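# Geometric and topological summary
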Amino acid sequence: MLGIIISVILGVFGGLFFKNDFLLKNIDSFISIGLYLLLFFVGMDIGNNDNVFYHLKNINRKVLLLPFITVIASLIGGALASYFISLSLGESIAISSGMGWYSFSAIELAKIDAHLGGVAFLSNVLRELLAIIFIPFIAKKIGAFESVATAGATAMDSVLPVINKSNPPNVAIIAFYSGLIITIIVPILVPSIVSIFKLI
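Read on for a plain summary of the structure. Here the structure is a predicted model, which means the values were calculated and not measured. (Residues numbered from 1 in each chain as written. Predicted model: local features only at pLDDT ≥ 70, side-chain atom pairs only at ≥ 80, totals over all residues. Heavy atoms only, no water.)

## What about the overall build of the protein?
A tally of regular secondary structure across the protein gives eleven helices and zero strands. When the helices and strands of the protein are read in sequence order from the N terminus, they spell out α-α-α-α-α-α-α-α-α-α-α. Here the protein, with 200 residues, has 36% of them falling under the buried criterion. Expressed as a percentage of contacts within the protein between residues at least 6 apart in sequence, the contacts between residues at least 24 apart total 67%. Surface exposure of the protein reaches about 11900 Å², of which carbon and sulfur atoms provide 71%. (Helix = DSSP H or I, 4+ residues; strand = E, 2+ residues; numbered from the N terminus. Buried < 20%, exposed > 50% of the residue type's maximum accessible area, 1.4 Å probe, protein only. Contact = heavy atoms within 4.5 Å. Areas by Shrake-Rupley, 256 points an atom, 1.4 Å probe, with all protein chains shown as cover.)

Given below as structure tokens:
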């Protein structure tokens, strides 16, 4: 976990003080390559464990509900947050409906209002960073499924290595499933929330 935090801090300082046109123009490509490598090695780690598929057969069917429970809990969290911040109920729920997918939610909500898009970006980035920091603790003290839910949509990609390292090997497959379902839901959910609360 310390290595992850140090990497993020070094990246921030690198972006601030050591600007390189080639790196900045191709940053999305480098992120994708790095992410594919992470997922490749997580896959190898899963495949290397002979008991993974045995454990999967014995997993409670309720696990299939995990991504849906995560979505509902996130929306409730957004609704509760609206009582403590200056955003309206609809705006707060719309931001929470990003589920950690900061690029999509920020772009969609920025179409309505630039300030709302900025808050959505920061909120969802913060969710991902906090997930990376706290998942080892949550996995150890609370539970594996709770640690997966913390990551939201990012459970299938950037946060998957942390989930894999902090939990038994079979949890990584559950995390991938949960993140995938939430990633499918978010592009439908965000516009739906905007429409329901008439934020346009």
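There's plenty left to go through after this.
## Observations regarding a nonpolar patch on the surface
A surface patch of nonpolar side chains, amounting to about 840 Å² of accessible area, comprises F22, L23, F30, I33, L37, F40, F41 and M44. Of all the elements in the fold, those that place two or more residues in the nonpolar patch are α2 (21-25) and α3 (27-48). The dominant element in the nonpolar patch, judged by the number of residues it contributes, is α3, at six residues. Inspection of the secondary structure assignment puts L37 in helix α3. (Patch = residues over 30% accessible without salt bridge, like charges linked within 9 Å, V, L, I, M, F, W, Y side chains within 5 Å. Salt bridge = Lys/Arg side-chain N within 4 Å of Asp/Glu carboxyl O.)

## Considerations on the environment of E108
Tracing the backbone through its elements, the reader meets E108 in helix α7 (residues 102-110). Put simply, E108 and P187 are 79 residues apart on the chain and 9.1 Å apart in space, counted from C-alpha to C-alpha. Once you skip the residues sitting within four places of it in the chain, E108 turns out to touch V190 and P191.

## Focus: the packing of aromatic side chains
What describes a pair of aromatic rings is the distance from one ring centre to the other and the angle between the planes of the rings. All told, the structure shown has three aromatic pairs when counted by the stated rule. With a centroid separation of 6.0 Å and an interplanar angle of 15°, the aromatic rings of F13 and F17 are classed as stacked. Of this pair, F13 and F17 both sit in helix α1 (residues 2-17), four residues apart, roughly one helical turn. Given the relative accessible area of 56%, F17 is considered exposed. (Phe/Tyr/Trp six-rings, centres within 6.5 Å; stacked < 30°, edge-to-face > 60°.)

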